[in-house]
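The lines below spell out each chain.
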Amino acid sequence: MSLPPAVEGALREARTLRQEGRHADALLAFDEAARLASTAGDAVLSAKTQIGKIDSLGMLGRYDEAFSLGETTIAALEALGADADAARARCNVGNLYWRCDRYDEALLRYESATRTFEALGDTLALALTATNRANALAELGRIDEALPLHEQARDAYAARAMDVEAAEVETNLGYLHHASGRPVAALAALARARRTFQAKGRLHEDARAALDAAEASLALNLWPEALALTQSALESFARLPLPDDEAHAHALRAAALAAQGQPDEARAALSLAEKIYKRRHNGVRLARVRLMRASLPGGSPEDARAAAHAFARRKLAGWAAEARFLQGDHSLRSLQAIRRAAQKNHRGWLECRALRALARVHADTGHPRRALSCLREAVQVLEAARTQIAPEELHLAYLSDKLEIYEALIDALLTRGGKSDLAEVLSVIERAKSRLLLERVLGQQAPLAPEAEALRAQLSRAYREEHALESADPDDPRRFRPQARPLATLERAWDDALKAAELQHRDGTLLAGFSGVDLRELQAALSTDESLVVYFSTQEKLGALVISARKISAVRELASLEMLRHAARRLRYQLQKPERETPLTRLLPATLQAGADSVLRELYDSLLRPLESLLPGEKLTAVPHGPLHGLPLHALLDGSCPALERWEILTVPSAALYLTLKNRPASLKTGALLLGVPAPGIERIASEIEAIAKGLPGARVETGQRASGAVLSALAPTLRTLHIATHARFRDDNPLFSGLKLADGWLLARDLYTLKLDAELVTLSACQTAQASVAPGEELLGLTRGFLAAGTRRVAASLWPADDEATTELMTHFYALLPTMTPAAALRQAQRTLRQHFPHPYHWAAFTLAGIR
């Protein structure tokens, strides 16, 4: 039925104003529509105009007026026989109750409206009530009931091409995923919703979705991202008078600030939120502010206690459990109740913490078996949560504050100390690792989106431009060519595109069911003269498991992590001295040698001497941990004798990866590709490539302008051996942007994820190619990781900027020995030979082998 033009115009204006968040102006427009409808003698239309007014009054915090108008409007419409409109008004009243945290009363209104719409067969209206019911159920902790209602509503809107409405429901689904412990699925849903809102110019909806994304980001420890999202939302709310949302943004901003060590700024943001919530009489949100304040340094347990009471009164059991845990009542009965509430309300991290606290109680009261059981359960809960977080950056961030759960279980098992306990320790150590590299080696990867491919091409051009500007030729016109787009902006855009692809394609399970490494299977893979040393830490102390074909042993405390960090820093300093050679240092070679040797002896005494009696043969494979990553274990000194004189040493990121590589069939491919890109400072590359080629008959040799990424991509997957001699750079700010300079641009670590290799050996004859950033879960981010992920079994790479002359000599010896030796044995012998001519470890010890023998 068509409306009188004047009424239709007034209603259109009112709805537009409401969508823009101008609710005070919208009220005036709704009143004008009602007056015009009444003048026209249409009582039903006059009553219907008040439905939208109910919502705007609530948005302005005028709840008493809104409730009164709602009940009056419902009664008037029912008296006039306008049942569908009365049901819509009832939904709006339900929304008021929802905003006031009266979720049971909201649910009653939504269910009443649902019955009316079902009787009328109004499918679109049923979609609206479905999402409203789901929101109320979610707040009451009935998430399993809420999820299918949201999906029903979304599908109904999508079927009618109602994109904005479908995106609004997608936002609700995002929140629901977050509330049920699936933050990655939440971010994926919210990203889809925000793309729609932005395309449609829906500023308000986009800002609210940004807040939900901020909350999911906080659950993943993505604090800078959460802070940026809340700041963006606050800028939107400055233009839209939406106090509830503004207060929520301040509260989330406080959480992000607190997590980044800014408690004073967090308290200021909480005060802003608190003022708004007090004016709005929003008891639940006020309780959440008190809970956050209690969690800050110096926070009062009284705040946590008051929050717990407020949540309990409103039957919000999950939030009440969070508050009770923070309150500090960690008695056995209290912790058991908190654990049950956390389990029921999908709060996995709270359940982990409660189980950890229960383990302490049991240990303190003389029940070690119960303590061990609680710790095992805590690890199981954490594993179930983390396997749902597949995208790399999100997974690593999520792990950053949770590894103590694994360490506590390791510590308890070592205290008990049985043989089966040591086997379990190995399994727990492996479960504590991030496993992202293992996943990539097993071939589980997200497809690269077309927009990411296009950005990568732009990035390649920008890198070439950047290095053209570094040209030594003053007449090179490229030196002064301006870049069309700043390099950092392009890198950020490409990074964001890759993350978006992972969110959409890798939000399933990550190595679900992974239970660590089976000791017997690992021992069967070891030769009789080989040992696997798995380093680990508990309570800031480094320990080691030593595994041979017949035995497993543990050394619980080798050294403090702080001492090892200090020693590693001193060693890096000593290894930089020969690189910065001066006339004075050339006159004092013995002094340089003595400085490095002192640290190398100290590290040997900490890391290898306590293990000597446990190592049956001369083959040693090490799984480094923490500050050990990047240390040249083969150069550590037993007196004046380096470790490589006693053992053939290589490293591998994890025991699980070692076993995976050992079980993989050897490559049937033949042939080699040698790529060399000479440049200032590495002029010997051409002679290096020439010398290596003599020992590799039939090798494909490409140097200078022919040593391109295109050649690498085309040929490397078909060959057994790959040698790349060029400039390299390690990007500590973003390790996956570390790269190798080829003739037509830079090969980045992240590019290697899409390169499919079946190589037995890749040698990266360039500076710092073995350097990596150590992310949570001992995940190494750098070039070596990239080549292992691409399918290589062994990677020879440098730990520091190696001397050009020494590198050429080392590589010549290395490849000459390969026909009769394994790569590990050949590298060891080549380094022994080189040490006779270059005694300082800076020259002979830079290269290490990662993978298997």
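Since this is a predicted model, take the numbers as computed values, not measurements.

S.K.: So what about the pairing of strand E4 (residues 619–623)? Which residues, and what values?
M.R.: The two faces of the sheet receive side chains in turn, since in a regular strand these alternate between them. Taking burial as the measure, the 5 residues of E4 include 4 buried ones, the bulk of the element. Two elements, strand E1 (residues 530–538) and E4, share 5 bridges in a ladder whose sense is parallel. In the sheet register, Ser531 faces E4, and the bridge partner there is Leu620. Where E4 lies against strand E7 (residues 648–651), 4 bridges are found, and the strand directions are parallel. Residue Leu620 lies in a different strand from E7, and its bridge partner there is Ile649.

S.K.: Run through the sheet that holds strand E13 (residues 745–748), naming residues and quoting values.
M.R.: Taken together, 3 strands build an open sheet; the order of strands is E11-E12-E13 and the sheet is antiparallel. Looking at strand neighbours, the two that pair on one side only are strand E11 (728–729) and E13, the edges of this open sheet. Strand direction decides the pairing type here: strand E12 (residues 739–742) and E13, joined by 4 bridges, are antiparallel. Paired with Lys741 across the strands is Trp746, a residue of E13.

S.K.: Describe the packing of helix H20 (residues 368–386) against helix H22 (residues 404–416), listing the residues and the values that go with them.
M.R.: Between two packed helices, what matters for the description is the angle formed by their axes and the separation of those axes. Packing of H20 against H22 brings their axes to within 9 Å, and their N-to-C directions diverge by 150 degrees. Considered as vectors, H20 and H22 are oriented roughly antiparallel to each other. The handedness of the crossing between H20 and H22 is left-handed. Packed against H20, whose contacting residues are Leu372, Leu375, Arg376, Ala378, Val379, Leu382, Glu383 and Arg386, the element H22 presents Ile405, Tyr406, Ala408, Leu409, Ala412, Leu413 and Arg416 at the interface.

S.K.: Tell me what's going on with helix H28 (residues 561–576), and back it up with residues and numbers.
M.R.: Owing to its 3.6 residues per turn, the α-helix aligns residues three or four sequence positions apart on the same side. If you check H28, its first and last C-alpha atoms are 23 Å apart, about what 16 residues at 1.5 Å a residue would give, namely 22 Å. Among all positions of H28, only Leu561, Leu564, Ala567, Ala568, Leu571, Gln574 and Leu575 are buried. One face of H28 carries all of its buried residues, which in axial projection span an arc of 140 degrees.

S.K.: Report on the pattern of salt bridges, specifying residues and quantitative values.
M.R.: Two side chains bearing opposite charge may form a pair once their charged atoms approach each other closely. Within this structure, the stated rule accounts for 61 salt bridges. A salt bridge links Arg35 to Glu32, with the nearest nitrogen and oxygen atoms 2.7 Å apart. A residue pair is termed a helical-turn pair when its members lie 3 or 4 positions apart in one helix, as Arg35 and Glu32 do in helix H2 (residues 23–39) at 3 residues. In this structure Glu32 comes out as partly exposed when scored by relative accessible area, which is 32%. Residue Glu612 pairs with Arg609 through a salt bridge whose shortest N-O separation is 3.9 Å. With a relative accessible area of 22%, Glu612 lands in the partly exposed category. Residue classification places Arg609 among the partly exposed residues on the basis of a relative accessible area of 34%.

Thresholds, definitions, all that
- Residues numbered from 1 in each chain as written.
- Predicted model: local features only at pLDDT ≥ 70, side-chain atom pairs only at ≥ 80, totals over all residues.
- Heavy atoms only, no water.
- Buried < 20%, exposed > 50% of the residue type's maximum accessible area, 1.4 Å probe, protein only.
- Helix = DSSP H or I, 4+ residues; strand = E, 2+ residues; numbered from the N terminus.
- Pairing = 2+ DSSP bridges.
- Axes fitted to C-alpha atoms, helices over the stretch in contact; angles between N-to-C directions.
- Parallel < 35°, antiparallel > 145°, perpendicular 65-115°, else oblique.
- Left-handed = near helix turned anticlockwise from the far one by under 90°.
- Contact = heavy atoms within 4.5 Å.
- Expected span 1.5 Å × (residues − 1).
- Arc of directions from axis to C-beta.
- Salt bridge = Lys/Arg side-chain N within 4 Å of Asp/Glu carboxyl O.

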